[in-house]
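Fold and contact review
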Amino acid sequence: MKKKKFARLFCLVAALAAMLCALCSQACDCGGKTIPTTAVELKESLKEYVGSKSFADTLLSVNSAQDRLPLLYLKYASGKIYSEESAKQFEKYLSFIDELKTDGEIDDAKFENSAAQKQGWYCITDYLYAYSLVYNQYAKYLADENISQNKYAANTPAIERYIKKIDAALQRGEQIGYVAWGYTATDILPLTAANLGIKNAVPYCDGVMLSHYEKNAQGSFEKEGGTPNWVGFTGRPLAGSLYRNNEKYDVTYEKTMQGYFPFTDGYDQPLDEMINLDRLCNYYNHTIATGESVAPQYALMTAMMHGIDMENYKKTKSLAEFGETGEEVFNVISMWRSTLKKDGDKFVIDNLADMAVAIAYIAQCYGVDAPTPLGEYSPSLAVIEL
């Protein structure tokens, strides 16, 4: 009898535990880490998108740094993402560096008529930034396939010597050629270095980046942010996130002095007519009358990589607009979520920009302080199980 009672009691406890687990699964993962219901729902939407043919086709069609950057957020997701076909594409682009060398050193004279130039990069510096992104995609592929050796790691010392040379050339005032739209040479070099784990190689560029946080005697910032990329990441604030732990860094600058797209109609507007982070809550779903496309997801992602809580965004008090005090809290994540399509009760993710926002948001819920596409890949970064 005692055994039967114990068995019934055990079954009852197990049933109750299963019920509790089912209830809790709406707000926590199986490891017991409590996360919002929204993050749980978005994770399911991510699984569907990443497992879709549409996503697989998109992976193979991406060939620009602008489109590639959102894919770097996949470092926060476990599981195989890239196919062998993707890996061959990575190897093709990474191998372009071989014909840019003379006696082991990267040589500007080799760029003319090179495969990198024919592919569309403007100069070696422009190519090396894309190289650093592809390098980290390839690193994830290798890790997921349990391949320990990355044969392209041997190129990093030569790249370090080259970007040191270009940093010195910029300090002397020399021009180095065009780089991708929305970037400048002084932000692309720190980005390349960070993605390849190269440290203290670009002191001049570091100084230029940090100079944006300088204030005049009246306590106002001296410089405005650079030309924005309306439909992708803008180089200066993207690279600015690398300096979050520097004593000169000031997050107020990132919230107020960088424009992302205009709320008026036309081009070359002053900052007063541009959407900065303090204005994003008022203009997230704003449509420009000229019909020009804008992608507010990139402003949202940039804010998150600067460690700003976009679920509880507070405007900068001294620069609050529209009659507000600056103390009101805005949920910009909710504004973004309202732009997603729905299939019944489920959110639908069907593009790379929304995929990246979803990953960044979920990663924050799992404890990542400032989710970013930048930096060296490591399997330990994967906090989201897909």
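Up top is the structure these notes are about.
Figured I'd write up the structure that's included with this text.

Thresholds applied
Residues numbered from 1 in each chain as written. Predicted model: local features only at pLDDT ≥ 70, side-chain atom pairs only at ≥ 80, totals over all residues. Heavy atoms only, no water. Helix = DSSP H or I, 4+ residues; strand = E, 2+ residues; numbered from the N terminus. Buried < 20%, exposed > 50% of the residue type's maximum accessible area, 1.4 Å probe, protein only. Contact = heavy atoms within 4.5 Å. Areas by Shrake-Rupley, 256 points an atom, 1.4 Å probe, with all protein chains shown as cover. 1 Å grid on protein atoms, 1.4 Å probe; cavity = no way out; pocket = protein on both sides within 12 Å on 5 of 7 lines; lining within 4 Å. Points joined across faces, edges and corners; volume = space filled by probe spheres on them. Expected span 1.5 Å × (residues − 1). Arc of directions from axis to C-beta. Salt bridge = Lys/Arg side-chain N within 4 Å of Asp/Glu carboxyl O. Core = buried A, V, L, I, M, F, W, Y, C linked by side-chain atoms within 4.5 Å. Axes fitted to C-alpha atoms, helices over the stretch in contact; angles between N-to-C directions. Parallel < 35°, antiparallel > 145°, perpendicular 65-115°, else oblique. Left-handed = near helix turned anticlockwise from the far one by under 90°.

**Comments concerning the overall build of the protein chain**
From N to C terminus, the protein chain includes 16 helices and 10 strands. The 386 residues of the protein chain split such that 50% are buried. Of the contacts formed within the protein chain by residues at least 6 apart in sequence, a portion of 66% connects residues at least 24 apart. Summed over its atoms, the accessible surface of the protein chain is roughly 18,600 Å², and 51% of this surface lies on carbon and sulfur atoms.

**Side note on empty space enclosed by the protein**
One pass over the full model with this rule turns up 1 cavity of 30 Å³ or more. By volume, the largest cavity amounts to about 70 Å³. Considering the residues around the largest cavity, the lining is formed by Leu71, Leu72, Leu74, Lys75, Tyr82, Asn136, Gln137, Lys140, Pro373, Gly375 and Tyr377.

**Considering helix H5 (residues 84–95)**
A turn of α-helix holds 3.6 residues, and therefore any two residues three or four places apart point the same way. With 12 residues, H5 ought to run about 16 Å at 1.5 Å a step, and its terminal C-alpha atoms sit 16 Å apart, in line with that. Every buried residue of H5 is accounted for by Ser86, Ala87, Gln89, Phe90, Tyr93 and Leu94. Along the axis of H5, the buried positions cluster into a sector of 160 degrees, meaning they face one direction only. Exposed positions of H5 whose direction lies more than 90 degrees from the buried face are Glu84, Glu85 and Lys88. Buried residues along H5 sit in contact with helix H3 (53–61), helix H4 (65–68), helix H6 (115–119) and helix H7 (124–144).

**A word on the pattern of salt bridges**
Tallied over the full model, the rule gives 13 salt bridges. The partner of Asp57 in a salt bridge is Lys53, with the nearest N and O atoms 2.8 Å apart. Highlighted residues: Asp57 and Lys53, both in helix H3, separated by 4 residues, approximately one helical turn. Assessed through its relative accessible area of 63%, Lys53 is described here as exposed. For Lys341, the salt bridge goes to Asp350, with nearest N and O atoms at 2.9 Å.

**Some words on the environment of Leu238**
If you trace the backbone, Leu238 turns up in helix H11 (residues 235–240). The class of Leu238 is buried, set by a relative accessible area of 0%. Residues Leu238 and Thr372, spaced 134 residues apart in sequence, show a C-alpha to C-alpha distance of 9.0 Å. With near-sequence residues (within four places) excluded, Leu238 lies in contact with Leu69, Tyr129, Tyr183, Leu191, Phe233, Met305 and Leu374.

**So, the environment of Cys365**
Within the fold, Cys365 resides in helix H16 (residues 352–365). Residue Cys365 is classed as buried on the basis of its relative accessible area of 14%. It is 8.3 Å that separates the C-alpha atoms of Cys365 and Thr34, two residues lying 331 residues apart in sequence.

**So, the nonpolar core**
Core analysis: the largest hydrophobic core is formed by 121 residues, its most contacted members being Phe55, Tyr183, Met310 and Met355. Other than its neighbours up to four places away in sequence, Met355 contacts Leu46, Tyr49, Phe55, Pro70, Leu71, Leu74 and Ile349.

**Let's talk about the packing of H7 against helix H8 (residues 156–171)**
Packing of H7 against H8 leaves a shortest axis separation of 11 Å and a crossing angle of 135 degrees. By the criterion of interaxial angle, the relationship of H7 to H8 is oblique. The handedness of the crossing between H7 and H8 comes out as left-handed. Between H7 and H8, the contacting residues are Ile124, Thr125, Leu128 and Tyr131 on the first element and Ile159, Tyr162 and Ile166 on the second.

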